[in-house]
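Coordinates in review
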There are 2 protein chains.
Amino acid sequence: MDYYKPRTEDMRFLLETFGYDEVQALPGNGDYDLDTVTAMLEEGAKVLVNEFLPLNALGDRAGLVFDPDTGDVTMPSGFKKAWKTFCANGLMGLHHSPEYGGSGMPYMPAVLLGEVTSATNKSFSMCPGLSAGLYEAISHHGTEHQKATFLPKLVSGEWSGTMCLTEPQCGTDLGLVSSKATEYEDHYKITGTKIWITFGEHDLCDNIIHLVLARLPGAPEGIKGISCFIVPKVLDDGTRNGIKCTGLEHKMGIKASPTCVMSMEEAEGWLIGEPHRGMRTMFVMMNSARLEVGLEGMALSEAAYQAAVAYARDRRQSRSLDKSKRDLNAKADCILVHPDVRRMLANIKATNEGMRALIAWTAKQSDIAHGHPDEARRNGASDLLELLTPILKSYCTERGFLNISEAMQVCGGAGYTQDWPVEQLMRDERIAMIYEGTNHIQALDLVGRKLPQGGGRLVRAFAGEVTKTIKAHKADERMEPFLGPLKDASKALTAVTMELGAKGMKDPEEVAAVASNYLNIFALTALALVWARMAAKTIDERSPFEVTKLKTARYFMSNVLPEIHSLVSLVKAGKAQMMAFEDEEF
Amino acid sequence: MDYYKPRTEDMRFLLETFGYDEVQALPGNGDYDLDTVTAMLEEGAKVLVNEFLPLNALGDRAGLVFDPDTGDVTMPSGFKKAWKTFCANGLMGLHHSPEYGGSGMPYMPAVLLGEVTSATNKSFSMCPGLSAGLYEAISHHGTEHQKATFLPKLVSGEWSGTMCLTEPQCGTDLGLVSSKATEYEDHYKITGTKIWITFGEHDLCDNIIHLVLARLPGAPEGIKGISCFIVPKVLDDGTRNGIKCTGLEHKMGIKASPTCVMSMEEAEGWLIGEPHRGMRTMFVMMNSARLEVGLEGMALSEAAYQAAVAYARDRRQSRSLDKSKRDLNAKADCILVHPDVRRMLANIKATNEGMRALIAWTAKQSDIAHGHPDEARRNGASDLLELLTPILKSYCTERGFLNISEAMQVCGGAGYTQDWPVEQLMRDERIAMIYEGTNHIQALDLVGRKLPQGGGRLVRAFAGEVTKTIKAHKADERMEPFLGPLKDASKALTAVTMELGAKGMKDPEEVAAVASNYLNIFALTALALVWARMAAKTIDERSPFEVTKLKTARYFMSNVLPEIHSLVSLVKAGKAQMMAFEDEEF
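Residues numbered from 1 in each chain as written. Chains lettered and ligands numbered in written order. Predicted model: local features only at pLDDT ≥ 70, side-chain atom pairs only at ≥ 80, totals over all residues.

Let's talk about the overall build of chain A
Across its full length, chain A carries 19 helices and nine strands. At a minimum sequence separation of 6, the contacts of chain A that also span at least 24 residues come to 76%. (Helix = DSSP H or I, 4+ residues; strand = E, 2+ residues; numbered from the N terminus. Contact = placed C-beta atoms within 7 Å.)

Side note on the interface of chain A and chain B
Taken together, the contacts link 70 residues of chain A with 70 residues of chain B. Listed by contribution, the elements that provide at least two residues to the side of chain A that touches chain B are α10 (339–371), α11 (375–415), α12 (422–430), α16 (508–538), α17 (544–560), α18 (563–573) and α19 (576–579) of chain A. Among the elements that line the side of chain A that touches chain B, the one with the most residues is α10 of chain A, at seven residues. When its residues are assigned to classes, the side of chain A that touches chain B shows 30 nonpolar, 22 polar and 18 charged. (Nonpolar A, V, L, I, M, F, W, Y, C, P; charged D, E, K, R; others polar.)

Section: the packing of helix α3 (residues 34–51) of chain B against helix α6 (residues 107–120) of chain B
Residue and element names in this part refer to chain B. One way to put it is that α3 packs onto α6 with a least axis distance of 10 Å and a crossing angle of 15°. In terms of axis orientation, α3 runs roughly parallel to α6. Viewed along their axes, α3 and α6 form a crossing whose handedness is right-handed. For the pair α3 and α6, contact is made by Val37, Leu41, Gly44, Ala45, Leu48 and Val49 and by Pro109, Leu112, Leu113, Val116, Thr117 and Thr120, respectively. Looking at the contact of α3 with α6 residue by residue, the classes come out as nine nonpolar, three polar and no charged. (Axes fitted to C-alpha atoms, helices over the stretch in contact; angles between N-to-C directions. Parallel < 35°, antiparallel > 145°, perpendicular 65-115°, else oblique. Left-handed = near helix turned anticlockwise from the far one by under 90°.)

Some words on the nonpolar core
By size, the foremost hydrophobic cluster in this structure holds 404 residues, and its most contacted members are Ala308 of chain A together with Ala308 of chain B. What alanine 308 of chain B contacts, discounting residues up to four positions off in sequence, is Leu345, Ala407, Val410, Cys411 and Val422 of chain B. (Core = buried A, V, L, I, M, F, W, Y, C linked by C-beta atoms within 7 Å. Buried ≥ 20, exposed ≤ 12 C-beta atoms within 10 Å, placed from the backbone.)

Some details on the domain arrangement of chain A
Here the domain parsing of chain A yields domain 1 (8–159), domain 2 (161–277) and domain 3 (457–586). The distance between the C-alpha centroids of domain 1 of chain A and domain 3 of chain A comes to 32 Å. (Domains from an automatic or database assignment.)

Section: the relation of the copies chain A and chain B
Applying a rotation about an axis and a shift along it to one chain copy brings it onto the other copy. With an RMSD of 0.0 Å, the operation that places chain A on chain B is a rotation of 180° combined with a shift of 0.0 Å along the axis. Seen this way, the second copy is the image of the first under a two-fold rotation axis. Judged by C-alpha distance, serine 566 of chain A is the residue of chain A that lies nearest the rotation axis, at 2.7 Å. (Least-squares fit on C-alpha atoms with pLDDT ≥ 70 in both.)

Side note on the pairing of strand β7 (residues 227–232) of chain A
Residue and element names in this part refer to chain A. Taking burial as the measure, the six residues of β7 include six buried ones, the bulk of the element. Burial along β7 is two-sided: the residues Ser227, Phe229 and Val231 and Cys228, Ile230 and Pro232 are all buried. Sheet analysis places strand β6 (residues 207–214) next to β7, joined by six bridges and oriented antiparallel. Across the sheet, residue histidine 210 finds its bridge partner in β7, namely valine 231. In the sheet, β7 pairs with strand β9 (residues 259–271) via two bridges, with the strands oriented antiparallel. Note that in β9 the partner of phenylalanine 229 across the bridge is leucine 271. (Pairing = 2+ DSSP bridges.)

Section: helix α13 (residues 439–450) of chain B
Counted residue by residue, α13 of chain B has 10 buried out of 12 residues, so it is predominantly covered. Buried within α13 of chain B are the following residues: Asn439, His440, Ile441, Gln442, Ala443, Leu444, Asp445, Leu446, Val447 and Lys450 of chain B. Those residues of α13 of chain B hidden inside the fold are in contact with α10 of chain A together with α11 (375–415), α14 (457–473), α15 (480–506) and α16 (508–538) of chain B.

Brief notes about the pairing of β9 of chain A
Residues and elements named next belong to chain A. In this sheet, β9 lies alongside strand β5 (residues 187–198) in antiparallel orientation, the contact comprising eight bridges. For glycine 192, the partnering residue across the bridge sits in β9 and is methionine 264. Here strand β8 (residues 243–248) pairs with β9 via five bridges, running antiparallel. Bridge pairing links isoleucine 243 to methionine 264 in β9.

Focus: the packing of α11 of chain B against helix α12 (residues 422–430) of chain B
Helix packing geometry: the angle between the two helix axes and the distance between the axes. Residues and elements named next belong to chain B. Close contact between α11 and α12 brings their axes to 9 Å; oriented N to C, the two are set at 160°. Taken together, the axis directions place α11 and α12 in an arrangement best described as roughly antiparallel. Crossing angle aside, the handedness with which α11 passes α12 is left-handed. Across the interface between the two elements, Gly400, Phe401, Ile404, Ser405, Ala407, Met408, Cys411 and Gly415 of α11 pack against Val422, Glu423, Leu425, Met426, Glu429 and Arg430 of α12. Classifying every residue of the contact of α11 with α12 gives eight nonpolar, three polar and three charged.

Here we look at α15 of chain B
Residues and elements named next belong to chain B. For α15, spanning 27 residues, the distance from its first C-alpha to its last is 39 Å, which sits close to the expected 39 Å at 1.5 Å a residue. All of the buried residues in α15 are Phe482, Leu483, Pro485, Leu486, Ala489, Ser490, Leu493, Val496 and Thr497. In this structure, the buried residues of α15 make contact with α14, α16, α17 (544–560) and α18 (563–573). (Expected span 1.5 Å × (residues − 1).)

Description of unusual backbone geometry
Keep in mind that most residues, glycine aside, have a negative phi and that most peptide bonds are trans. Residues and elements named next belong to chain A. Of note in this structure, glutamate 266 is not a glycine but carries a positive phi near 50°. Within the secondary structure layout, glutamate 266 lies in strand β9. Its 14 C-beta neighbours within 10 Å are what place glutamate 266 among the partly exposed residues.

Some details on the environment of arginine 326 of chain A
As for its placement among the helices and strands, arginine 326 of chain A is situated in the loop between α9 (278–314) and α10. Residues arginine 326 of chain A and lysine 5 of chain A, 321 residues apart in the sequence, show an inter-C-alpha distance of 29 Å.

What to know about the environment of alanine 407 of chain B
Residues and elements named next belong to chain B. Secondary-structure assignment places alanine 407 in helix α11. A count of 31 C-beta atoms within 10 Å places alanine 407 in the buried class. C-alpha separation for the pair alanine 407 and alanine 512, spaced 105 residues apart in sequence, amounts to 32 Å. The contacts of alanine 407, once residues within four sequence positions are left out, are Ala304, Tyr305, Ala307, Ala308, Ile348, Gly415 and Val422.

Listed below in structure tokens is the structure:
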């Protein structure tokens, strides 16, 4: 398992390149200088590689044990100990407030460690991921009493959190939620069934705190009649609450992550946030989760990449077409010499590093949006954060999946077996395109909410960043191979955005039909932007790291970005041919 | 499991559209008129749906039992009975010669039933698939005695066949084969280890006949020193031969298909074909296998498509953006109304039907190449068959995989669980991009062997078909939406082919670097060709089937074919950026 090495050097480079100094300068972050956070990331990464990685294949093979009588779920052997070590090393509370026991590290570096958590053990990573989401929801919308009760326990890892949205009849369309809450003393009793509840039941913690969507009596129909409740597994007096796991899903991957059916029968729950406005609370949880699901896609792609590189360095098949590269001491050359193997690896490398950069830059916006003293700066950063979140969630999970498939192709038959980690990474990653809002829901969020917001203010903020980058570097001729493609991509994006805006006024189906392809055009342009910035930072090629980074930037511009041409054609094709079919013709 | 219905109506349409009458007119095929073969396909499909389909999920969950002491492999329950029924219904021998007990059906219709075999149970289908390959190899290169000994037993299904090429140190690069054969009486004794041997051991048949690559004493090094041997599991006198399964691979999918490590210790073998020219015999087996692996990709994509359509008709989430399509009797509409769901389904439908058509047309070339009395016709058909085989193998397996992923996306979380067949189809399909020559090996075969052959004769044959189609229909204005895109694609293909030819003279790495993308340009152009022909056939829209077919043709031209733009850019980008990396930079 020593094939995987966290990319801490790249992480430090990203913090420098994308202006971590501005984040450090925010109130309260003074102690977190670049050296300190880098050291913390390295320490944290070591714990994850030591504790989480060895359990990854093991958890996949062993799976979970469900007891239908008690509703108990037993995690695979070793997970409980690893969880304790994770928490004891402060990794649960890295980004959380010191007020509740956290370390208060800014989000920009903390999110980078999230990559390592997913890459080493995605199933496992979902437990702290959900707890962090619940922490966010309670810290934004909870009462002081709720904060004091739940946050310290979530940070210490004694308790964990879940997010109970989906019901059998509703996933994407949460307006159909039918779980019911009725008043009981100073709180509520809730009855209903929730499905797809990640870590809804497990044996890692003393208590599990569920964030549950349900309807109050007389609530309006639809999405505006849903309230949000805190429903603990174990009540204050130590008795079990009326919420129980009644089954596990049998999934293609993340087999060590319990995906539970949760039945609530008069489960006691406490309202969080205002009545009927539960979606606001849930969205706090979902927005950070969406960025981190994008991160998962990149993280698993990185793990697969490293496995594929290890395989390609070791496996010898056929001769290099370039005679000077032949190893005459062996009967065949390492497959890394073959152009197609390099093509596949370079595709993965260039997109992984681009996605990591875009995630870091977006996470920085979160820090500024939440902590900058200047309102205009906060709002500007918030705009970029909101714009880029659905793009990252969708693009990184889709590209991550395709990259893992390409990594498998490098490994040939070996990659299709359990002898190599790639097949598990593929199975584990694939769900990320579906959960936390399917990728098309992200595309609809982008075109339906983010584009029109403030009369196009978010898109203009992004375009401003492109212009700024081009202006800053256009005097340097060496930057032309990076700025030229960025400019072209940005022009193409602006043109389709305008076209979409015009079409959408007349016919929303026209926009929905092309939203997924449009999102990918946006994502590629955003990657071109961060690659141009990374190129500017490394154009003097002072170190081997910078030399490689600059080559990778060139590869992205010439061999990945052209994907945009086909996407533009598809957006132009519009809805006509797909809506021409009658239902029965499929 | 009643979601899957074999596409027999489409199959009949393809036989008509792509000139089955010419195949029927070949010597010996007189009895096989369109009605007869259609009826036989329908009958065969029924058997497969009844016998194979119910065992598909079962086999995946149950897997195989391997006994390390005896080397025995026990198939999941029910497989033996299903195999007997398959053979008893003559499905093993459908295309094989009546001389050996087969039905002698031409390949063009027979291959279409292969789709159903794979779609209903891919693991299972590999047993008859390998037997058919062995049948081909022996009937082309075996002695009369070998034919008489083995072919009837293969057709009856009493015996099955394998293909033993790969060794631990060599997969793609078969020149590294090191298994050794030494003379013994009138035959040989063979020692060595083979891996990845599909159905190398199982309990469906009385005997298993292995086709084994090994080296004779003093054989030249490399690919030109390999001979081919027939090595039966059980010898004439009923004793076990020295070939034994010593392990099974643990794979992501096709879990009911035993993938065996085979150890040979002085196993008795009989030479087939000439010494040192074993690759010729093996290639007979591999070429038909390659076309059929392409077929698998399409077949599993079709099964996934039908599951996704069933899900989309049933699942209700959110409202149609088009108010006139809202079902006011329900709280939400079937997701089939949503443009993005239609986009995904139409992508799969248009490519599946295109691939099926291209496979049928290519299979027709095989019939003509083998059976036409006119040598020029035989040669012309053989050219197209050779050209299209690597294209089909690579494109259909890659596209099939992407399509299944898109089908999973339609099914949302349900598609990620074992409650729906899609996740298994994805796992089962993925290996097809790797085995039978990785997809890049197909691309190298295309650019390195097929393009230069006869000074570009094969490509000219294809271009001639495009020209013929355009000429035949250009007078009909209604055909412009199909002929225009075909002409553009063909022009783009010609341009990159010329460029590749010029570059390849100077630097073979330039060609290898873009071969995979080039193959996809060729595949899309070939699909545009068959779609134009199908459009011509249905342009009068006389039946509901024809109306839908024509709509699908339009969809292909406007919403699938534009993929070519990006591929052309990537071919133009060439090798520069991917070869710029030093090995250690990955």
